[in-house]
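# Structural overview for review
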Amino acid sequence: MISVVIPTLGTREMELERLFQSLSDQTYQNFEAIVVSQDNHEKVGTLLANYSFAYEHVSLDRKGLSYSRNVGINYTKGNIVTFSDDDCWYEPHAFLEVHNFFEENASGIVCYQIYDPEKKEYYKDYPKNVQEKLKFQDLFRKSSIEIFLNLQIVNKEKVSFDEDFGLGAKYPSGEENIFLHMMHKEGYQISYVPKVVVYHGKPSMDTRLNFKAFSSKGPLFKRIFNTPVGFAMLTFLFIKKFNHLERPFPFYIASLKEMFQYKKK
């Protein structure tokens, strides 16, 4: 069975309905949805009641994407787990594709592709070929909603997101990168399949690299590596994305400050 962990604030009703409908339309129906609401619990419950797929509704009084995922994973019963956003939705054969992949492959984790059907653009510049075992550096280009875990291989107790990172936390991005690097260090094989399984609107580069997002990069690199390597990685990113930053040098200085102030737990 596939377990889909869905954190939500319950404020995007149309997007939630679109997501739930895409679950109903799956050709592989052996799945459950673990919907973790951080607000507007009654509204979320009312929406869920319109659908017949198996679900668990978990209500929290604390906000935070990583925190909600960490709570949600405890309610999962499936041997395959993925983490959804409430504004994404699934290709009809997505779960069948994932089920078949894990039936035929020994990877603990597989990553796929995200596509924006409105802009008719891929979420990022994806490789065209299958990669049976991703390298350490490849993991920076993965997003959480394209990741599926096989809990028959991956130890469920190891599935945890750093709650200092992710929407609603001090550092609003990078939680999936930290998680995948942790899984890589644990020795799990992480594969990539060049197929679209999930849809999501593609944000502009300026949106993805706003002040708060870029300020988080310093702590992110320090969290994964150490201060010297983190400094080098941040500087390389700054040079690479210079033209996409609204105020390049203030962004860079702020990220450096955050990196030096950040303490690993």
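Residue indices begin from 1 for each chain and proceed along its sequence in written order. Confidence filtering applies because this is a predicted model: local features only for residues at pLDDT of at least 70, side-chain atom pairs given and counted only at 80 or more, and all residues used for totals across whole chains, interfaces and linings. Values shown for side chains rest on all heavy atoms present in the structure; no hydrogens or waters enter the calculation.

Here we come to the overall build of the chain. Counting from the N terminus, the helices are the DSSP runs of H or I reaching at least four residues and the strands are the DSSP runs of E reaching at least two. Of regular secondary structure, the chain possesses 10 helices and nine strands. Here the globule rule reads 2.2 Å times residues to the power 0.38, and the radius of gyration is calculated from C-alpha atoms. Computed over C-alpha atoms, the radius of gyration of the chain comes to 18 Å, within 12% of the 18 Å expected from 2.2 N^0.38 for 265 residues, which places it in the range of a compact globule. Considered along the principal axes of its C-alpha atoms, the chain spans approximately 50 × 40 × 40 Å. The buried label applies to any residue whose accessible area, calculated with a 1.4 Å probe on protein chains only, is under 20% of its type's maximum; exposed applies above 50%, and partly exposed to all values in between. For the chain, with 265 residues in total, the buried portion stands at 51%. Residue contacts are counted whenever heavy atoms from the two residues lie within 4.5 Å of one another. Within the chain, contacts between residues separated by at least 24 positions form 76% of all contacts whose residues are at least 6 apart in sequence. Reported accessibility uses the Shrake-Rupley method at a 1.4 Å probe radius. Residues are deemed covered only where the shown protein chains occlude them. Here the chain displays about 12,800 Å² of accessible surface, and carbon together with sulfur accounts for 50% of that area. None of His or the chain ends enter the tally, which takes Lys and Arg as positive and Asp and Glu as negative. Every charge is mapped onto a representative atom, which is NZ of Lys, CZ of Arg, CG of Asp or CD of Glu. Charged side chains in the chain number 33 positive and 33 negative. The centres of these two groups are separated by 9 Å.

Burial runs high along helix α8 (residues 217-224): seven of the eight residues are buried. By the burial criterion, the buried members of α8 are Lys-217, Gly-218, Pro-219, Leu-220, Phe-221, Lys-222 and Ile-224. Where α8 is buried, its residues contact α5 (175-185), α7 (211-215), α9 (227-240) and α10 (248-261).

Here is the rule: rings of Phe, Tyr and Trp (six-membered ring for Trp) pair when centre to centre is within 6.5 Å. Planes less than 30 degrees apart are stacked, more than 60 are edge-to-face, and the remainder are tilted. With the rule as written, the count across this model stands at 27 aromatic pairs. Relative to Tyr-199, the ring of Trp-89 lies with its centre 5.6 Å away and its plane at 45°, an arrangement referred to as tilted. Taken together, the residues Trp-89 in strand β5 (residues 89-90) and Tyr-199 in strand β9 (residues 190-199) connect sequence positions 110 residues apart. Considered together, Trp-89 and Tyr-199 belong to a single accessibility category, that of buried residues. Both a distance and an angle decide whether a charge sits over a ring: NZ of Lys or CZ of Arg must be within 6 Å of the ring centre and within 35 degrees of the ring normal. Its end group placed over the ring of Trp-89, Arg-18 keeps NZ or CZ at 3.6 Å from the ring centre.

Before going further, it helps to examine the environment of Tyr-122. Within the element layout of this structure, Tyr-122 appears in strand β7 (residues 121-122). Judged by relative accessible area, which is 42%, Tyr-122 ranks as partly exposed. Separated by 58 residues in sequence, Tyr-122 and Gly-64 place their C-alpha atoms 27 Å apart.

We now examine the packing of α9 against α10. Relative orientation of the contacting elements α9 and α10 amounts to 165°, with a least axis distance of 11 Å. Regarding the angle of α9 to α10, the classification is roughly antiparallel. In the packing of α9 onto α10, the handedness of the crossing is right-handed. Contacts from Thr-227, Gly-230, Phe-231, Leu-234, Thr-235 and Phe-238 of α9 reach α10 at Pro-248, Phe-249, Tyr-252, Ser-255, Leu-256, Met-259 and Phe-260. All axes here are fitted lines through C-alpha atoms, helices being fitted over the stretch that makes contact, and every angle between N-to-C directions spans 0 to 180 degrees. If an angle is under 35 degrees, it is roughly parallel; if it is over 145, roughly antiparallel; if it lies from 65 to 115, roughly perpendicular; otherwise it is oblique. Throughout, a crossing is termed right-handed when the near helix is turned clockwise from the far one, and left-handed when it is turned anticlockwise from it by less than a right angle.

Right, let's get into the pairing of strand β6 (residues 109-116). A regular strand carries its side chains on alternate faces of the sheet. By the criterion of burial, β6 is predominantly enclosed, with seven of the eight residues buried. By definition, two strands form a pair when at least two bridges between them are found by DSSP. The sheet contact formed by β6 and strand β8 (residues 147-150) spans three bridges and is antiparallel. Paired with Val-110 across the two strands is Phe-148, which belongs to β8. In the sheet, β6 pairs with β7 via two bridges, with the strands oriented antiparallel. Opposite Asp-116, over in β7, you have Glu-121 as the bridge partner.

Take the buried residues of types Ala, Val, Leu, Ile, Met, Phe, Trp, Tyr and Cys, join any two whose side-chain atoms come within 4.5 Å, and each joined set is a nonpolar core. Counting residues in each nonpolar core, the largest one holds 59 residues, and the members touching the most others are Phe-20, Leu-23, Tyr-90, Phe-95 and Phe-148. With sequence-adjacent residues up to four places away left out, Phe-95 is seen in contact with Ile-2, Val-4, Leu-23, Gln-26, Tyr-28, Phe-31, Tyr-90 and Phe-148. Judged by nonpolar contacts, the second largest core, of 11 residues, contains Leu-209, Phe-214, Tyr-252 and Leu-256.

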